[in-house]
Amino acid sequence: MTKNIPISLLELAIITQDSNANDTFQKTAELAKLADSLGYKRFWLAEHHNMAHVASTATVVLIGYIASQTQNIRVGSGGIMLPNHAPLIIAEQFGTLELLYPNRIDLGLGRAPGTDGLTAQAIRKDFFEQSQRFPENVAALQDFFSEENANAKVRAFPAEGTKVPIWILGSSMDSAALAAAKGLPYAFAGHFAPKQMYQAFQFYRDNFEPSEYLDQPRTMACVNAIAAETDEEAKKTATSLTLMFLNLIRNDRKPLQPPVDSLDGIMSEEEHFHVNQMTACSFVGSKMKLTTELKQFIEYTQIDELMITSPIFNHEDKLKSIRIMKEVIDDLK
């Protein structure tokens, strides 16, 4: 029997062809309002840099904007790339958000730069060193949020005692080990790096150490999901997703492209292989098809939560997909 799990949204505020960042922010707010009204649990935004088609670069600012436009849904980061930032600053920012929007803010933390190597160096000269210090910086962040830090020489106002939930995000066994050792919830990036997902979840559960934050393991998988009235319609809509990953492989900084009738002849065999690897954890189809496939996926992975991301070119198609996906999850209960 499939267990009752919540569904959430990961959003990159992707700019589509012939659009701009301002329009994208308005569409993102509309998407969040719909998700809120439908009963989605979380709406997370991801930190990326030097990507012309991604408008979520100032992630904390956008989280505050989305939280201000919604009522109940939890809003957070999927994630903040901690090596880019001083833990003190992140504590101050998210402590402020938590006070403005009580019990609605999540802090997902990642180790990667969210960009290319040159840009990572432009953000922080010692990025590589800080990425190696990720566990220590997570611990420092936890200290800044704690009430016990009131006696420290360096304090994060107004973050102390705000108890912002921290998630460890990742796509490898390293992140699973860290989340398990710290007794923190663990979210896996299956939407672009699904290869080690099942093994990482198993390792996390097997090695989980209960903590003051969590008494038992809590897992979430993020996957690509594109729903439509028919399988054929969804398949065509999903060609924008394929083209997005193809452009990523080619380092071609195009905005999200409109769907195409056929992908034949568009990519080489090697490109096809890499795109397929990155998008292997994608659910595309009608309500009936997705209900069957997601039921199997949830039973196989034993996840506690599902997060979806839906790079869809047409905004109305995206809103429709979000509605159908909520119906799919509700039908599994």
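A few points on the structure. (Residues numbered from 1 in each chain as written. Predicted model: local features only at pLDDT ≥ 70, side-chain atom pairs only at ≥ 80, totals over all residues. Heavy atoms only, no water.)

1. Concerning the overall build of the protein chain
No. 1: Helices and strands together make up the secondary structure of the protein chain, namely 13 helices and nine strands.
No. 2: Scaling as 2.2 N^0.38, a compact globule of 333 residues should have a C-alpha radius of gyration of about 20 Å, and the protein chain matches this with 19 Å.
No. 3: Taken along the three principal axes of its C-alpha coordinates, the protein chain extends 65 × 45 × 40 Å.
No. 4: The burial tally for the protein chain puts 54% of its 333 residues in the buried class.
No. 5: Partitioning the contacts of the protein chain with sequence separation of at least 6, the portion at a separation of at least 24 is 72%.
No. 6: Accessible surface, the protein chain as shown: approximately 15100 Å² in total, 52% of it carbon and sulfur.
No. 7: Within the protein chain, one finds 31 positive and 41 negative side-chain charges whose respective centroids are separated by 2 Å. (Helix = DSSP H or I, 4+ residues; strand = E, 2+ residues; numbered from the N terminus. Rg over C-alpha atoms; globule rule 2.2 N^0.38 Å. Buried < 20%, exposed > 50% of the residue type's maximum accessible area, 1.4 Å probe, protein only. Contact = heavy atoms within 4.5 Å. Areas by Shrake-Rupley, 256 points an atom, 1.4 Å probe, with all protein chains shown as cover. Lys, Arg positive; Asp, Glu negative; His and termini not counted. Charge placed at Lys NZ, Arg CZ, Asp CG, Glu CD.)

2. A word on the packing of aromatic side chains
No. 1: Within the structure shown, the criterion is met by eight aromatic pairs.
No. 2: Judged by centre distance (6.0 Å) and plane angle (80°), the rings of Tyr186 and Phe201 are edge-to-face. With Tyr186 in strand S6 (residues 186-188) and Phe201 in helix H8 (residues 197-207), this residue pair connects regions lying 15 residues apart in the sequence.
No. 3: Assessed through its relative accessible area of 0%, Tyr186 is described here as buried. (Phe/Tyr/Trp six-rings, centres within 6.5 Å; stacked < 30°, edge-to-face > 60°.)

3. Description of helix H2 (residues 59-69)
No. 1: Within H2 the residues assigned to the buried category are Thr59, Val60, Leu62, Ile63, Gly64, Ile66 and Ala67.
No. 2: Considering only its buried residues, H2 is in contact with helix H1 (21-38), strand S2 (42-45), strand S3 (74-81), helix H3 (87-100) and strand S4 (105-110).

4. With respect to helix H13 (residues 315-331)
Residue pairs three or four apart in sequence face the same way in an α-helix, which turns once every 3.6 residues.
No. 1: Taking 1.5 Å per residue, 17 residues should reach 24 Å; H13 reaches 25 Å between its end C-alpha atoms and fits that length.
No. 2: The elements touched by buried residues of H13 are strand S1 (7-11), H1, strand S7 (219-227), helix H12 (287-301) and strand S9 (305-309). (Expected span 1.5 Å × (residues − 1).)

5. Focus: the nonpolar core
No. 1: Residues Phe94, Leu107, Phe297, Leu306 and Ile308 are the most contacted members of the largest nonpolar core, which totals 74 residues.
No. 2: Core analysis: the next-biggest nonpolar cluster, separate from the first, contains 27 residues, Leu12, Cys222, Leu256 and Met267 among them. (Core = buried A, V, L, I, M, F, W, Y, C linked by side-chain atoms within 4.5 Å.)

6. Observations regarding the state of the cysteines
No. 1: In this structure the tally under the stated criterion is zero disulfides.
No. 2: Considering cysteine sulfurs only, Cys281 is the nearest to Cys222, which forms no disulfide, with 8.9 Å between them. (Disulfide = S-S within 2.5 Å.)

7. As for the pattern of salt bridges
Note on pairing: side chains with opposite charge can pair once their charged atoms come close.
No. 1: Summed over all chains, the structure comprises 17 salt bridges.
No. 2: In this structure, Lys254 engages Asp252 in a salt bridge whose closest nitrogen and oxygen atoms are separated by 3.7 Å.
No. 3: Of the residues examined, Asp252 reaches a relative accessible area of 30% and is grouped as partly exposed.
No. 4: Lys289 serves as the salt-bridge partner of Glu293, at 2.9 Å between the closest nitrogen and oxygen. On the criterion of helical spacing, the pair formed by Glu293 and Lys289 is a turn pair, its members being four residues apart in helix H12.
No. 5: Residues joined by salt bridges that share partners form a network here, namely Lys41, Arg42, Arg74, Asp106, Arg218 and Glu305. (Salt bridge = Lys/Arg side-chain N within 4 Å of Asp/Glu carboxyl O.)

8. Re the pairing of S3
No. 1: With respect to burial, S3 is a largely interior element, eight of its eight residues being buried.
No. 2: As paired strands, S2 and S3 are joined by four bridges and run parallel to one another. Note on S3: the bridge partner recorded for Leu45 is Ser77.
No. 3: Crossover connection from S2 via H2 to parallel S3: handedness right-handed.
No. 4: Note: S3 against S4, five bridges, orientation parallel. Note that in S4 the partner of Val75 across the bridge is Ile105.
No. 5: At this point the chain moves from S3, through H3, to the parallel S4, and the crossover so formed is right-handed. (Pairing = 2+ DSSP bridges. Right-handed = clockwise from strand over helix to strand, strands pointing away.)

9. Regarding the environment of Glu232
No. 1: For Glu232, the position within the fold is in helix H9 (residues 231-237).
No. 2: Residue classification places Glu232 among the exposed residues on the basis of a relative accessible area of 60%.
No. 3: Between the C-alpha atom of Glu232 and that of Ala200, which follows or precedes it by 32 residues, the distance is 33 Å.

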